[in-house]
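Residue-level listing of the chains:
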Amino acid sequence: MSPTRRIGVLGGTFDPVHIGHLRSALEVAEVLALDELRLMPNARPPHRDTPQVSAQDRLAMVRCAVEGVPTLAVDARELARDKPSYTVETLELMRAEMAASEQLFLLLGWDAFCGLPGWHRWEELLQHCHILVLQRPDADVEPPDALRNLLAARSVSDPQALQGPAGNIAFVWQTPLAVSATQIRQLLASGKSVRFLVPDAVLAYIDAHNLYRAPN
């Protein structure tokens, strides 16, 4: 157990949550020896399409998915808001609940990371957390200019060497699973099975509530 608590956050619409999300989360939690990694469903993500199913269903599926997995937890605070989910505001709220020395890690895929300059108050994110970028970018994909100086100033090559409560960026090597929520929704809409793409408990919830299926 680390002397200082280490908390990770993975946000997303989770429409639905699938093994790609969960495997990424678990791998990062283990590599960084996190005390807790919170999956945080977005209510109204400013940069994404409106989720296909209700916030209540998405939250229930995430809860089903992490049940019995000690390191993974669910944080529903963004669903309680009646306005768009801004990550910087969520991090401020989390920081207010934590000891000053505790480490907070925000997990982002490469595409989301490259989109940071379009985020609300994005320059302030590193005041509240370290950013973990999942998987190295492809060699032919360059970050936008606005991020290059930030990467030069704040990158740490070894994610396990991140010091202090916040302020740096590190890449975490991963072998991403070729699974997407879009693919799962399309399979379900066409009446096909998504077994082994989502946890059994999530599949049972989808079936019980007839989610994503084409209307008869």
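Keep in mind that what you see is a predicted model, and the values were worked out from it rather than measured.

(A) Seen up close, the pattern of salt bridges. All chains considered together, the criterion is met by 14 salt bridges. Close ionic contact of Glu102 with Arg5 constitutes a salt bridge, the shortest N to O distance being 3.0 Å. Remark: Arg5 occurs in the segment before β1 (6-12) and Glu102 occurs in the loop between α3 (87-97) and β4 (103-109); sequence separation between them is 97 residues. A relative accessible area of 12% means that Glu102 is categorised as buried. Of the charged contacts in the structure, one is a salt bridge between Glu89 and Arg81, with a shortest N-O distance of 3.9 Å. Overall, the relative accessible area of 16% leaves Glu89 in the buried class. Each of the salt bridges in this network shares a partner with another, and the network as a whole consists of Glu36, Arg38, Asp75, Arg77 and Glu97.

(B) Geometry of the environment of Val9. By secondary structure assignment, the location of Val9 is in strand β1. On the basis of relative accessibility, which here comes to 4%, the residue Val9 falls in the buried class. Taking the C-alpha atoms as reference, Val9 lies 9.5 Å from Ala73; in sequence the two are 64 residues apart.

(C) Expanded view of the pairing of strand β6 (residues 169-172). Residues Ile169 and Phe171 line one face of β6 and the alternating positions Ala170 and Val172 line the opposite face, and both faces are buried. Pairing analysis gives four bridges linking strand β5 (residues 130-134) to β6, with the strands arranged parallel. In the sheet register, Leu132 faces β6, and the bridge partner there is Ala170.

(D) Broad picture of the sheet that holds β5. Strand order across the open sheet formed by six strands is β3-β2-β1-β4-β5-β6, with parallel pairing between neighbours. For this open sheet the edge positions go to β3 (72-74) and β6, each flanked by a neighbour on one side alone. Neighbour to neighbour, the strand axes of the sheet diverge by 30° on average, direction disregarded. As paired elements, strand β2 (residues 36-41) and β3 share three bridges and run parallel to each other. Residue pairing for β3: Leu37 is matched across the bridge by Leu72. Strand contacts of helix α2 (residues 55-66): β2 and β3, with the helix running at about 160° to β3, the strand carrying the most contacts.

(E) Representation of the side chain of Asp57. Here Asp57 is to be found in helix α2. The side chain of Asp57 is buried and forms no salt bridge, while Arg58, the nearest opposite charge, is found at 8.3 Å. Looking at Asp57, its side chain comes within polar contact range of the side chain of Tyr205, at 2.5 Å. If sequence neighbours within four positions are ignored, Asp57 has contacts with Tyr205, His209 and Leu211.

(F) The arrangement of the environment of Arg58 in detail. Following the sequence through the fold, Arg58 ends up in helix α2. For the pair Arg58 and Ala152, spaced 94 residues apart in the sequence, the C-alpha separation amounts to 37 Å. Those residues within four positions of Arg58 in sequence are excluded, and the remaining contacts are Thr13, Phe14, Asp15, Pro41, Asn42, Ala43, Pro51, Val53 and Leu79. Among the polar contacts made by the side chain of Arg58, one reaches the main-chain carbonyl oxygen of Asn42 at a distance of 2.8 Å.

(G) The nonpolar core, seen in detail. Counting residues in hydrophobic clusters, the biggest one holds 36 residues, and the most contacted among them are Val17, Val28, Leu37, Leu39, Met61, Leu107 and Leu132. Breaking this core down by element, the ones donating at least two residues are α1 (19-31), β2, α2, β4, β5, β6, α7 (181-189) and α8 (200-209). Setting aside anything within four residues of it in sequence, one finds Val17 in contact with Leu22, Leu39, Met61, Val62, Ala65, Val198 and Val202. If you look at the next biggest cluster of nonpolar residues, it comprises 25 residues, including Leu104, Cys129, Leu151 and Phe171.

Scoring rules and cut-offs
Residues numbered from 1 in each chain as written. Predicted model: local features only at pLDDT ≥ 70, side-chain atom pairs only at ≥ 80, totals over all residues. Heavy atoms only, no water. Salt bridge = Lys/Arg side-chain N within 4 Å of Asp/Glu carboxyl O. Helix = DSSP H or I, 4+ residues; strand = E, 2+ residues; numbered from the N terminus. Buried < 20%, exposed > 50% of the residue type's maximum accessible area, 1.4 Å probe, protein only. Pairing = 2+ DSSP bridges. Axes fitted to C-alpha atoms, helices over the stretch in contact; angles between N-to-C directions. Contact = heavy atoms within 4.5 Å. Lys, Arg positive; Asp, Glu negative; His and termini not counted. Polar contact = N/O pair within 3.5 Å; in protein donor to acceptor, adjacent residues only side chain to side chain. Core = buried A, V, L, I, M, F, W, Y, C linked by side-chain atoms within 4.5 Å.

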